[in-house]
Amino acid sequence: MVPEVEVQDVLAELQRLRARVPLLSGALAASTDGLVLAHDTPGVEAEGVAALTAAALGVSIRMTDATGRGGFRELLVRGETGYIATYAAGSSAVLTLLAEDRINVGRLHLEGRRSGSRIGELVDAALERAPQPAPGSRGPAPRAAQQPGPLPHRTT
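Everything numeric here is computed off the predicted structure, so don't read it as measured data.

(A) Here's a closer look at the side chain of His109. Relative to the helices and strands, His109 resides in helix H3 (residues 105-129). Residue classification places His109 among the buried positions, given a relative accessible area of 15%. Leave out the neighbours within four places in its chain, and His109 touches Glu74, Leu76 and Tyr87.

What follows is the structure, encoded as structure tokens:
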């Protein structure tokens, strides 16, 4: 998992993104396997969106592979009242944005790609610094189950 310091940096990036793009109604950074890293999603259940993002990502990766379009970069879904856009964020994370129907989609892509790149740099750097188990070791002894702390989220 990503250390708390980087999680706060990711949350700050999500909040800056929401400030730059007023028609964004939510922003979420998640691991590619569907775990929330940070979110700014008022009124939306972040864990569910992260899990659905992972499922959509899996289908998108298979689709780009099957059609010879290269690695996953982004996914855009349009509903009756808005958009859901997901962008690659480094090697092990994704950025999912929720936007109102009136948003300028070009601006959404521009800002989403930039933020995805920044978040990817933060997450990838944190993972590189994380201690790796020695080859052949079984890793640390199991710990007693702990309740996870609260996820960082927007309070206003």
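The structure having been displayed, the exposition proceeds.
(B) Highlighting helix H2 (residues 46-66). Compared with an ideal rise of 1.5 Å per residue, which puts 21 residues at 30 Å, H2 spans 30 Å between its outermost C-alpha atoms and is within 8% of the ideal. When we look at burial in H2, the residues that qualify are Ala46, Val49, Ala50, Thr53, Ala54, Leu57, Ser60 and Thr64. One side of H2 carries all its buried residues, which in axial view fall inside an arc of 145°. More than 90 degrees from the buried face of H2, the exposed residues found are Leu52, Val59, Arg62, Met63 and Ala66. Close packing links the buried residues of H2 with strand E1 (24-31), strand E2 (36-40), strand E3 (74-79), strand E4 (82-89) and strand E5 (93-100). Gly68 sits one or two residues past H2 and shows a positive phi near 70°.

(C) Structural detail: the sheet that holds E4. Strand order in the open sheet formed by five strands is E2-E1-E5-E4-E3, and the pairing between neighbours is antiparallel. Either end of the sheet is taken by a strand with one partner, and the two such strands are E2 and E3. On average, each strand axis in the sheet is inclined to that of its neighbour by 10°, with strand direction left out of account. Relative to E2, E1 runs antiparallel, the two being bridged by four bridges. Looking across to E2, one finds that Ala27 is bridged to Asp40.

(D) Examining the nonpolar core more closely. Judged by nonpolar contacts, the single largest core of 25 residues is most densely connected at Leu24, Leu95, Leu97, Ile103, Leu108, Ile119 and Val123. Broken down by secondary-structure element, the contributors of at least two residues to this core are helix H1 (4-20), E1, E2, E4, E5 and H3. When residues of this core are assigned to their parent elements, the largest contribution, five residues, is made by H1. Not counting residues up to four positions away in its chain, the partners in contact with Leu97 are Leu17, Leu24, Gly26, Ala27, Tyr83, Ile84, Ala85, Tyr87, Leu108 and Gly112. Counting nine residues, the second largest nonpolar core, distinct from the first, contains Ala46, Val49, Leu57 and Phe72.

Reading the values: the criteria
- Residues numbered from 1 in each chain as written.
- Predicted model: local features only at pLDDT ≥ 70, side-chain atom pairs only at ≥ 80, totals over all residues.
- Heavy atoms only, no water.
- Helix = DSSP H or I, 4+ residues; strand = E, 2+ residues; numbered from the N terminus.
- Buried < 20%, exposed > 50% of the residue type's maximum accessible area, 1.4 Å probe, protein only.
- Contact = heavy atoms within 4.5 Å.
- Expected span 1.5 Å × (residues − 1).
- Arc of directions from axis to C-beta.
- Pairing = 2+ DSSP bridges.
- Axes fitted to C-alpha atoms, helices over the stretch in contact; angles between N-to-C directions.
- Core = buried A, V, L, I, M, F, W, Y, C linked by side-chain atoms within 4.5 Å.

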